Amino acid sequence: MRGLASVSLSLGSLGLLRLFGLPWSWSLAASLGVYLGTGGWRYFYIVVRTAKRDLYGLYVLLRVKLALRRHMRAGSTIPSIFSETARAHPDKPALVYEATGEIWTFTQLERLSNGVAQWALAHGLASGEVVAIFMESCPLMVALWLGLAKVGVEAALINFNLRRDSLMHCMGVSGARVLLFGAELADAVGEVNSSLGKGMVRFCSGDLSPDRLAALGAQPLDPLLASASHLPPPRTHNKGFNDRLFYIYTSGTTGLPKAAIVVHSRYYRIAAFGYHAFGMRSDDIIYDCLPLYHSAGNIMGVGQCLIYGLTVVVKKKFSASRFWEDCIKHNCTVVQYIGEICRYLLNQPSREAERRHRVRLAVGNGLRPSVWEAFTQRFKIKQVGEFYGATECNCSIANMDGKVGACGFNSRILPNVYPIRLVKVNEESMELIRDQSGLCVCCRPGEPGLLVGRINQQDPLRRFDGYANDSATSKKIAYNVFKKGDSAYLSGDVLVMDELGYMYFKDRSGDTFRWRGENVSTTEVEGTLSSILGQTDVAVYGVPVPGVEGKAGMAAIADSDGLFNQEHFYREVQKVLPPYARPVFLRISPQVDTTGTFKIQKTRLQREGFDPRHSPDRIYFMNSRAGCYETVDDELYSAITGGRVPL
């Protein structure tokens, strides 16, 4: 009876499909396919196990879909939505700057963003022009891009960690002719000042001496904003919900960053999904220690303030030692994480503050399954809101019911409600595998595949707006994926789906290598090695060895204390990893490079390989015959590359 009731419930929801522009036949056919493909009775098992989850997911999707339609019809923008929020909560704290304790109410944020808009008009900036913002995370940064958007000007949010060539690259691809920078980054601007040229108008916020300003060719921004009118600016543009809001740059872990286009509806969609999927409340206080040049910090975090009226505590930079004290100080109920933040917190010594906080929800992505339960148990976190998604993607998923290790799910009962799929690829080249009719081949449960999402530019949920560079955009689109003539976004990430539709992150494009006839997942090996080393930073990658097929595994390990013991490490590796996944080479460094969003950078490591002449770091080779890792010197390096040492 339970199974039949669940089937009735899920089939009853088919009437909602018309709201998503999906024919009944697709989902009925898909349901029949699942029924037959799972051996019949297993289908009823899947329905019983997943109906509640799927219906909640459908509810969230419906809430966001209807809201998007309403704002589309009304011609809304993020600034206009925020203005409504500010009127509803005039005196409530909107942003709290943790560095100074400064509190900005919704009225104050609205007035200052109006001042930015008025200044932009007075300076002659027109709708469609681009202004680069280069400063550390602070409430002013939000006021700047929000105010610029009020007059149709697009901000390029530049990573404050970038220097020289990378900084110039990001400035160049944005097409910006105005630079707003913080005084704390004056040295970085000075390094590229001559390359910026006279055509780039510069404004500096913060304390900088007149001589220093003159040397940089910059004007002080703060007095200009203080003297500007704080009244709402006149309507000087015709931008709508699907027009450009700002640019956010990819992390650049495998190359130079790309400027992803964020339109107003995309900003709203990301924030709204987070709010509804993870059960946030209007009285929540969010601790946002993520950089505001990134979508997690600026959209998933600050977006809850601008759209739903939550208070957001902005932390200039993440601090593992201050994390829980900050949460207690500001009565935070929600925290954000990304990348390795949870592991960094676990690596801290136990302290009283980690037991006295009021945090109930942690929202983010990149939480390794190997640290998930340890994180929730030690810090008493009731709910983890793990999600998968990139700034530009149209196939985001969310873990709405706390399934440990999963980054989200897709319904196996009604898979076409949200048209994303895992498709088969060559794991080395990431080339799509196609069937006889030229369409992509969908993966079965348990088979790793590339996550793709069908593109529909008329649907804010299915749009792909791409990058500032057209060539970069075209590389992320495939055609004839689900059916002839369609197009889909290529995520570049390999996931695995289980029988119930839960999805688990496996690897990013290029993070799998082949050794001894086996595919090695760098993500899985990194998690294992980090665990046996006490949550140390570890980067795993494949390196070519002359005359040897495939790539040998190499692990870069952070050892700031100089306590790494290769003998102990060798013994532990033999216990926990199969022979083909054990690192052949080790690189012991004081630290492992990470991006500003705590993703490990491997490009330089892969380029330098295991040649001891390219690095002052200690490099080791796994000598299986001797049962140990031994130091790679010039002589051993020559022997390995010359084929005189068996691997």
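See above for the structure.
Small disclaimer: the values here were computed from a predicted structure and weren't measured. (Residues numbered from 1 in each chain as written. Predicted model: local features only at pLDDT ≥ 70, side-chain atom pairs only at ≥ 80, totals over all residues. Heavy atoms only, no water.)

S.K.: Looking at this structure, how should I read the sheet that holds strand E11 (residues 311-314)?
M.R.: Sheet strands pair by backbone hydrogen bonding; their relative direction is either parallel or antiparallel. The strand order E2-E1-E11-E10-E12-E13-E14-E15 describes an open sheet built from eight strands, whose pairing is mixed. Of all strands in the sheet, those bounded by a partner on one side alone are strand E2 (102-105) and strand E15 (397-398). One ladder, built from four bridges, connects strand E10 (residues 285-288) with E11; its direction is parallel. Each residue of the ladder has a partner; that of Ile 285, found in E11, is Thr 311. (Pairing = 2+ DSSP bridges. Helix = DSSP H or I, 4+ residues; strand = E, 2+ residues; numbered from the N terminus.)

S.K.: Explanation requested: the sheet that holds strand E25 (residues 552-558) in the structure shown.
M.R.: Here five strands make up an open sheet; going across it, the order is E24-E25-E26-E27-E28 and the pairing mixed. Whereas interior strands pair on both sides, the edge strands pair on one side only; in this sheet they are strand E24 (538-543) and strand E28 (628-631). Averaged over all pairs of adjacent strands, the angle between strand axes in this sheet comes to 25°, irrespective of strand direction. Relative to E25, E24 is paired through six bridges, and the arrangement is antiparallel. Within the sheet, the bridge partner assigned to Val 540 lies in E25 and is Ala 555. (Axes fitted to C-alpha atoms, helices over the stretch in contact; angles between N-to-C directions.)

S.K.: Help me understand unusual backbone geometry in this model?
M.R.: Negative phi is the rule for most residues except glycine; trans is the rule for most peptide bonds. One non-glycine residue, Arg 164, lies in positive phi territory at about 45°. Looking at where Arg 164 falls in the secondary structure, it is placed in helix H7 (residues 164-174).

S.K.: Help me understand the packing of aromatic side chains in this model?
M.R.: Any pair of aromatic rings gets described here by the distance separating the centres and the angle formed by the planes. Under the counting rule described, the total for this entry stands at 25 aromatic pairs. When the centroid spacing of 5.4 Å and the interplanar angle of 65° are considered together, the rings of Phe 375 and Phe 379 count as edge-to-face. Residue Phe 375 and its partner Phe 379 are located together in helix H15 (residues 369-379), separated by four residues, close to a single helical turn. With a relative accessible area of 2%, Phe 375 lands in the buried category. Ring centres of Tyr 570 and Tyr 629 lie 5.7 Å apart, and the angle between their planes is 80°; on these two criteria the pair is classed as edge-to-face. One end of the pair, Tyr 570, is in helix H18 (residues 566-576); the other, Tyr 629, is in strand E28, and 59 residues separate them in sequence. Residue classification places Tyr 570 among the buried positions, given a relative accessible area of 10%. Through successive ring pairs, a cluster of aromatic residues spans Tyr 287, Phe 318, Phe 323, Trp 324, Tyr 344, Phe 375 and Phe 379. Sitting over the face of the ring of Tyr 45, Arg 42 holds its NZ or CZ atom 4.3 Å from the ring centroid. Seen from the ring of Phe 482, Arg 454 lies directly overhead, with NZ or CZ sitting 4.4 Å from the centre. (Phe/Tyr/Trp six-rings, centres within 6.5 Å; stacked < 30°, edge-to-face > 60°. Buried < 20%, exposed > 50% of the residue type's maximum accessible area, 1.4 Å probe, protein only. Lys NZ or Arg CZ within 6 Å of the ring centre and 35° of its normal.)

S.K.: Hey, could you run me through H18 in this one?
M.R.: Spacing of three or four residues puts side chains on the same side of an α-helix, whose turn is 3.6 residues. Taken together, the buried positions of H18 are occupied by Phe 569, Tyr 570, Glu 572 and Val 573. Turning to H18, the residues buried within the fold contact helix H17 (522-532), E25, strand E26 (585-589), strand E27 (618-623) and E28. You can read the cap of H18 off the contacts: a side-chain oxygen lies 3.0 Å from the backbone nitrogen of Glu 567, and it is on Asn 565. (Contact = heavy atoms within 4.5 Å. Polar contact = N/O pair within 3.5 Å; in protein donor to acceptor, adjacent residues only side chain to side chain.)

S.K.: Explain the pairing of strand E13 (residues 361-365) to me, please; I cannot follow it from the model alone.
M.R.: Moving residue by residue along a regular strand, the side chains alternate between the two faces of the sheet. Summarising burial for E13: five of the five residues are buried, a large majority. Residues Leu 361, Val 363 and Asn 365 line one face of E13 and the alternating positions Ala 362 and Gly 364 line the opposite face, and both faces are buried. For strand E12 (residues 334-338) and E13, the ladder comprises five bridges, and the chain directions are parallel. Within the sheet, the bridge partner assigned to Gln 336 lies in E13 and is Val 363. In this sheet, strand E14 (residues 383-388) lies alongside E13 in parallel orientation, the contact comprising four bridges.

S.K.: Explain the state of the cysteines to me, please; I cannot follow it from the model alone.
M.R.: Any covalent bond linking the sulfur atoms of two cysteines counts as a disulfide. Applying the stated criterion across every chain yields a total of zero disulfides. In this structure Cys 305 is a free cysteine whose sulfur lies 13 Å from that of Cys 332, the closest cysteine sulfur available. With no disulfide partner, Cys 440 has as its closest neighbouring cysteine sulfur the one in Cys 442, 7.9 Å distant. By relative accessible area, which is 8% here, Cys 440 ends up buried. (Disulfide = S-S within 2.5 Å.)

S.K.: It is not clear to me how the side chain of Asn 399 should be interpreted in this structure. Could you clarify?
M.R.: Considering the arrangement of structural elements, one finds Asn 399 in the loop between E15 and strand E16 (408-409). Residue class for Asn 399 comes out buried when judged on its relative accessible area of 1%. One polar contact links the side chain of Asn 399 to the main-chain amide nitrogen of Gly 402, over a distance of 2.9 Å.

S.K.: Hey, could you run me through the pattern of salt bridges in this one?
M.R.: As a working rule, side chains carrying opposite charge can pair if their charged atoms are close by. Within this structure, the stated rule accounts for 32 salt bridges. Within the structure, one salt-bridge network assembled from shared partners comprises Glu 98, Lys 315, Arg 322, Asp 326 and Lys 329. (Salt bridge = Lys/Arg side-chain N within 4 Å of Asp/Glu carboxyl O.)

S.K.: Help me understand the layout of surface pockets in this model?
M.R.: Take a probe with the size of a water molecule and roll it over the atoms, and the empty space left behind shows itself. What the second largest pocket holds in volume is close to 830 Å³. In terms of lining, the second largest pocket is formed by 33 residues, of which the most central are Tyr 344, Asp 537, Ala 558, Gln 591 and Val 592. Among the elements of the structure, helix H14 (341-346) and E25 are those that each provide at least two residues to the lining of the second largest pocket. A class-by-class count of the residues in the lining of the second largest pocket yields 16 nonpolar, ten polar and seven charged. (1 Å grid on protein atoms, 1.4 Å probe; cavity = no way out; pocket = protein on both sides within 12 Å on 5 of 7 lines; lining within 4 Å. Points joined across faces, edges and corners; volume = space filled by probe spheres on them. Nonpolar A, V, L, I, M, F, W, Y, C, P; charged D, E, K, R; others polar.)

S.K.: Please explain the environment of Thr 85 as it appears in this structure.
M.R.: Of note, Thr 85 is situated in helix H4 (residues 78-88). For Thr 85, a relative accessible area of 6% puts it in the buried group. Linking Thr 85 and Leu 256, residues 171 residues apart in sequence, is a C-alpha distance of 37 Å. Excluding anything up to four places from it in sequence, Thr 85 contacts Phe 106, Cys 305, Leu 306, Ile 307, Tyr 308 and Gly 309.

S.K.: Just to check I follow, could you spell out a positive patch on the surface for this structure?
M.R.: A grouping of Arg 63, Arg 69, Arg 70 and Arg 73 is seen on the molecular surface, where their side chains present a positively charged patch. Mapping Arg 69 onto the fold places it in helix H3 (residues 41-74). Relative accessible area serves as the criterion here: at 36%, Arg 69 is assigned to the partly exposed category. (Patch = residues over 30% accessible without salt bridge, like charges linked within 9 Å, V, L, I, M, F, W, Y side chains within 5 Å. Areas by Shrake-Rupley, 256 points an atom, 1.4 Å probe, with all protein chains shown as cover. Lys, Arg positive; Asp, Glu negative; His and termini not counted. Charge placed at Lys NZ, Arg CZ, Asp CG, Glu CD.)

S.K.: Before we go on, may I ask you to explain empty space enclosed by the protein in this structure?
M.R.: The full count for this structure, using the stated rule, is two cavities of 30 Å³ or more. Lining the second largest cavity, in full, are Phe 134, Leu 167, Met 171, Leu 179, Val 189, Val 192 and Leu 196. Elements supplying a minimum of two residues to the lining of the second largest cavity: H7 and helix H8 (186-196). Among the elements that make up the lining of the second largest cavity, the one with the highest residue count is H8 (three residues). For the lining of the second largest cavity, the per-class residue count stands at seven nonpolar, no polar and no charged.

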